[in-house]
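Residue-level structural notes
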Amino acid sequence: MVEVTDVVCSLCGCVCDDIVVEVEDNKVTKVKRGACSVGKSKLMGHNRIKSPAIRVNGELKDCSYDEAIKKAAEILAASRRPLLYGWSSTVCEADKVGVELAEELGAVMDNTASVCHGPSVLAIQDVGLPSCTLGEVKNRADVIIYWGANPAEAHANHMKRYSYVSKGFWTEEGKKAKKLVVVDVRATKTSKMADVFLQLDQGKDYLIFSALRAILYGHEDVVPDEVGGVSKKDLLETAEMMKGAKFGATFFGMGVTHTGARHNNIVNAIQLTRAAHTHTKFTITPMRGHYNVAGINQVCTWETGFPFAVDLTRGYAWYNPGELSATDLLIRQECDAALIIASDPGAHFPGESIKHLAKIPVIQIDPFPNPTTEFADVVFPAAVSGVEAEGNVYRMDNIPIRLRKLIDSEYPEDEEILKRILDEVRAIKEKGGK
Amino acid sequence: MGTKVNLISGRTTVQGRNLDSKMSEEYFEEVARCDLNKADMDKLGVAADESVKVKTSYGEVIVKAKEDAGTPEGIAFMPMGPWANALVSGDTHGAGMPSYKGIDAEIEKTGDKVLHVKELMQTYMG
């Protein structure tokens, strides 16, 4: 048995890097400390896709990697409008090959940000983001706001490692000397910990951001007795808490990005942070979901100039979320083939979009079977990044962290599979195929 | 006669624990469900773990009802996943993001069976 320290978790955007595991006979046998129950489950492993496979007469038939590579390359090379989607639960090295493949094919390249924090990206491009690292939050923040987020369930180590419950250089007393504000439609495990819980009417976030901005700018007289289900008294108390912070940090989740005004909600949230700057230091950070969704946004941006929803069919990069995001492309029934990697649109896309995806040839690269596998036509099992493969990822605050390899894998890494598909596509093109 | 609700979806710990194990029984038990306030459960005449049909303009699914005091009256919460998303429109209103939350839905008690994930995905084929 070998004890491995400083293991990095490849599950959520927290990318915890202080995990200790035991490895024996090329298996992770125990997660000793550091991981939450969700991360622990990832490290201990799940059922795998056992073999590459190609769908024949409705059934997936096992085949060799060579045969699957050939089939995948043929599908992509023959496609007039391929969609390459996912990229968030793999490493930046694989993402980089993905962009190269998209350029070679003239494909649309989109990632899971488009159904997660895509609106946050749009808002940040609009008005910027006064943010900071999670280390700054740990060491400085004494007022924490979670808005439309439930970290107690979705990012279970976030409060303990970085925010409300953590103890840092100037926050050595931990939560005793901090205030927690939670804004949500439902009472959750997170809201139960809050000093102030603003339980708003669903979809009224924009109004509440605006009301708090008005109060922070000294215009509380224009705020009515109730805004979006929240009393003026509670809004005034929250504003006082924000003003009184030595250092405030807002984290927001999909309760805001998935709702009504979408990116306009986030613009208003960022403007609220600016309003707080007239009184004190305040920051704002999106609670990114997948462990490397921030990373694919980085890679896609440095390779194409844009973070998601990029069309490379013109021979240069064209960016237009709302037109080129995967769900939009699918409901317009525009793409005629798709490569899905490190994501699961079968589970996480709207039913209306899945209908088209189920009709077209789909190539899937993933360690685990999931709803997308049910309609995939070519399936590649891959090594699990962070357990069986190393590589760079970006934490939710855009800090790059290197995943460690803990055990050997019988499966190739995502990067290798993509490179082989790319080589085969180039070979087909050289022979004069499409 | 159904009850009108505002449908939202989101993450849960057990859903997260099974992100890489979506074909498992634990994922099915956790995600093919709908949380409702006691008042709404009473209105529908359903007890915990009884089936309900959730219907929107974009689709309908059968899931198990669960009482949750944290969910306000008039709101239905479903863990994010294939069952909740069968009810979501793909229209992003030009913004790239579908409306995953704040969907007008109608819920009614039913004796019908909850489709397993493989059966649910089959409904998209053909």
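Keep in mind the model is a prediction, meaning the values are calculated, not measured.

1. Quick word on the sheet that holds strand β13 (residues 247-252) of chain A
Residues and elements named next belong to chain A.
- Taken in spatial order, the five strands make up an open sheet running β10-β9-β8-β13-β14, and their pairing is parallel. With partners counted over all chains shown, the strands left at the sheet margins are β10 (196-199) and β14 (281-286), one partner each. On average, each strand axis in the sheet is inclined to that of its neighbour by 15°, with strand direction left out of account.
- Packing against the sheet, helix α11 (residues 263-276) makes contact with β8 (143-147), β13 and β14, and its axis sits at approximately 165° to β14.

2. Things to note about helix α1 (residues 37-44) of chain A
- Most of α1(A) sits inside the fold, with six of its eight residues counted as buried.
- Listed as buried for α1(A) are Val38(A), Gly39(A), Lys40(A), Ser41(A), Lys42(A) and Leu43(A).
- Tucked inside the fold, the buried residues of α1(A) contact β2 (19-24) and β3 (27-33) of chain A together with α1 (13-17) of chain B.
- One or two residues past the end of α1(A) sits Gly45(A), with phi positive at roughly 95°.

3. Thoughts on the interface of chain B and chain A
- Contact residues are listed per partner, giving 42 residues for chain B and 53 residues for chain A.
- For the side of chain B that touches chain A, the elements supplying multiple residues, two or more each, are β1 (3-10), α1, β5 (75-79), α4 (82-85) and α5 (117-122) of chain B.
- Grouping the constituent residues of the side of chain B that touches chain A by class yields 18 nonpolar, 17 polar and seven charged.

4. Comments concerning the pairing of strand β20 (residues 391-394) of chain A
Residues and elements named next belong to chain A.
- With four bridges joining them, β20 and strand β21 (residues 400-403) adopt antiparallel strand pairing. Its bridge partner being in β21, Gly391 is matched across the sheet by Leu403.
- Between the end of β20 and the start of β21, which pair antiparallel, lie five residues, with Asn398 showing a positive phi angle near 65°.

5. Topic: the domain arrangement of chain A
Residues and elements named next belong to chain A.
- Partitioning chain A into structural domains gives domain 1 (2-42), domain 2 (48-115 + 291-430) and domain 3 (118-286).
- Using only C-alpha atoms to locate each centre, domain 1 and domain 3 end up separated by 30 Å.
- In this assembly, seven residues from domain 1 lie in contact with five residues from domain 3.
- For the side of domain 1 that touches domain 3, the residue count by class is five nonpolar, two polar and no charged.

6. So, the confidence of the model for chain B
- For chain B, the average pLDDT comes to 96, and 99% of its residues sit at 70 or higher.
- Reported for the predicted complex are a pTM of 0.97 and an ipTM of 0.97.

7. Some thoughts on unusual backbone geometry
All names here are of chain A.
- In this model, Val15 sits at a positive phi of 40°, which is unusual for a non-glycine residue.
- The residue Val15 is located in the loop between β1 (2-7) and β2 in this model.
- Judged by C-beta crowding, with 27 C-beta atoms within 10 Å, Val15 ranks as buried.
- For Asn57, which is not a glycine, the phi torsion comes out positive at approximately 50°.
- Checked against the element boundaries, Asn57 lands in the loop between β4 (53-56) and β5 (59-62).

8. What about the sheet that holds β3(A)?
Residue and element names in this part refer to chain A.
- A sheet is described by the order of its strands in space; here three strands give the open sequence β1-β2-β3, paired in antiparallel fashion. Each edge of the sheet is formed by a strand with only one pairing partner; in this case those strands are β1 and β3. Taken over all neighbouring pairs, the strand axes of this sheet differ in orientation by 30° on average, direction set aside.
- Examined bridge by bridge, β1 and β2 share four bridges and lie antiparallel to one another. Its bridge partner lying in β2, Val4 is registered against Val21.

9. So, the environment of Tyr316(A)
- The residue Tyr316(A) is located in the loop between β15 (310-311) and β16 (318-319) in this model.
- In this structure, the C-alpha to C-alpha distance between Tyr316(A) and Gly106(A), residues 210 residues apart in sequence, is 9.0 Å.

10. Observations regarding the packing of helix α4 (residues 118-127) of chain A against α11(A)
All names here are of chain A.
- Interaxial distance between α4 and α11 falls to 8 Å at its minimum, and their mutual angle equals 50°. In terms of axis orientation, α4 runs oblique to α11. Two packed elements cross with a definite hand, and for α4 against α11 that hand is right-handed. Only His263, Ile266, Val267, Ile270 and Gln271 of α11 make contact with α4, whose side of the interface consists of Pro119, Ser120, Leu122, Ala123, Asp126 and Val127.
- Here the contact of α4 with α11 is built from residues that sort into seven nonpolar, three polar and one charged.

11. Observations regarding helix α8 (residues 205-216) of chain A
Residue and element names in this part refer to chain A.
- Taking 1.5 Å of rise per residue, the 12 residues of α8 would be expected to cover 16 Å, and the 17 Å separating its terminal C-alpha atoms lies within 8% of that figure.
- Within α8, nine of the 12 residues are buried, which leaves the element mostly enclosed by the surrounding structure.
- Looking at α8, one finds that the buried residues are Asp205, Tyr206, Ile208, Phe209, Ala211, Leu212, Arg213, Ile215 and Leu216.
- The secondary structure elements touched by the buried residues of α8 are β10, β11 (226-227), β12 (230-231), α9 (232-243), α10 (254-257) and α11.
- Where α8 ends, the next residue or the one after it, Gly218, has phi of about 90°, a positive value.

Conventions used here
Residues numbered from 1 in each chain as written. Chains lettered and ligands numbered in written order. Predicted model: local features only at pLDDT ≥ 70, side-chain atom pairs only at ≥ 80, totals over all residues. Pairing = 2+ DSSP bridges. Helix = DSSP H or I, 4+ residues; strand = E, 2+ residues; numbered from the N terminus. Axes fitted to C-alpha atoms, helices over the stretch in contact; angles between N-to-C directions. Contact = placed C-beta atoms within 7 Å. Buried ≥ 20, exposed ≤ 12 C-beta atoms within 10 Å, placed from the backbone. Nonpolar A, V, L, I, M, F, W, Y, C, P; charged D, E, K, R; others polar. Domains from an automatic or database assignment. pLDDT = per-residue confidence, 0-100. Parallel < 35°, antiparallel > 145°, perpendicular 65-115°, else oblique. Left-handed = near helix turned anticlockwise from the far one by under 90°. Expected span 1.5 Å × (residues − 1).

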